[in-house]
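Structural overview
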Amino acid sequence: MIAIGSDHGGYELKEVIKSYLDSEKIPYKDLGTYSVESVDYSDIGVLVAKAVTSGECHLGIIICGTGIGISIAANKVPGIRAALCTDSYMARMAKEHNNANVLALGGRVLGAGLALEIVKTFIDTPFSQENRHQNRIDKIKTIEEQYRG
Ligand code: RB5
C-alpha cells in the first residue's frame with residue numbers, strides 16, 4: 001500500500017499520479033488534500049510519514065509546490081527517509097543507495113510525464129542491500145536517536 005498526499009500546490013499532480021496507480025492496479029491511500037484550497041504542507045507531510053512508519057503503508061509519495069517544504073516536514077518523523085527527486089536517476093539512486101521510503105515531488109516543477117517516470121522508477125527499484133549503503137543508513141538512524149527530544 002502506498003500513502004499519497006499533497007498540499008494545494010501538489011494537488012493536481014497527486015490526481016495524475018492516482019490515475020497512474022489506478023491504471024497499474026497499485027493500491028494507495030489518499031491522505032489529502034482533496035481540493036486546491038490552501039492547506040499547510042507540513043500537516044500532510046506528517047500524515048503520510050506516519051502512515052509509513054506505522055507499517056500501514058510500505059512507501060509514501062508527497063507533493064507540494066516545489067517538494068521542498070513537504071519533504072523537510074516528513075523527514076522530521078523518525079524512520080522517514082524522504083527523497084526529493086527531479087529526475088528518474090535521482091529516484092533510482094534514492095532507492096538503491098538511500099532506501100528512501102518516501103518520494104517527494106514538486107507539482108509546480110515537474111510535468112506529468114516526467115513525474116510519472118520518476119514515480120514508476122521509485123516504485124520499481126529495490127534497495128541494493130550492499131553493506132556500505134546499509135551502514136550509512138544505520139548512521140542516519142544513530143543521528144535520529146542522538147537528537148530525539
Ligand atoms: C505553497 O504555496 C508552497 O509554498 C508549497 O506548496 C511548497 O512549495 C513549499 O515548499
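Quick look at the structure, then. (Residues numbered from 1 in each chain as written. Predicted model: local features only at pLDDT ≥ 70, side-chain atom pairs only at ≥ 80, totals over all residues. Heavy atoms only, no water.)

This part takes up the overall build of the chain. The helix and strand tally for the chain stands at six helices and five strands. Taking 149 residues into account, the globule formula puts the C-alpha radius of gyration at 15 Å, and the chain, at 14 Å, falls close to it. Along the longest, intermediate and shortest principal axes, the C-alpha atoms of the chain span 40 × 30 × 25 Å. For the chain, with 149 residues in total, the buried portion stands at 44%. Counting only contacts in the chain whose residues sit at least 6 apart along the sequence, the fraction spanning at least 24 positions is 68%. Roughly 7,800 Å² of accessible area belongs to the chain as shown, and the carbon and sulfur atoms make up 52% of that amount. Averaging the coordinates of the 16 positive side-chain charges in the chain and doing the same for the 18 negative ones gives two points 6 Å apart. (Helix = DSSP H or I, 4+ residues; strand = E, 2+ residues; numbered from the N terminus. Rg over C-alpha atoms; globule rule 2.2 N^0.38 Å. Buried < 20%, exposed > 50% of the residue type's maximum accessible area, 1.4 Å probe, protein only. Contact = heavy atoms within 4.5 Å. Areas by Shrake-Rupley, 256 points an atom, 1.4 Å probe, with all protein chains shown as cover. Lys, Arg positive; Asp, Glu negative; His and termini not counted. Charge placed at Lys NZ, Arg CZ, Asp CG, Glu CD.)

This next bit is on the site of the ligand. Taken together, Asp-7, His-8, Tyr-41, Cys-64, Gly-65, Thr-66, Gly-69 and Arg-108 form the complete shell of residues around the ligand. In the model, an oxygen atom of the ligand is placed 2.7 Å from a nitrogen or oxygen of the Gly-65 main chain. The contact in question runs from an oxygen atom of the ligand to an N or O atom on the backbone of Gly-69, over 2.9 Å. In the complex, 70% of the free accessible area of the ligand, which totals 300 Å², lies under the protein chains. Of the residues in the shell around the ligand, the class split is two nonpolar, four polar and two charged. (Near = heavy atom within 4 Å. Polar contact = N/O pair within 3.5 Å; in protein donor to acceptor, adjacent residues only side chain to side chain. Nonpolar A, V, L, I, M, F, W, Y, C, P; charged D, E, K, R; others polar.)

Function-wise, these values are silent; they only describe arrangement.
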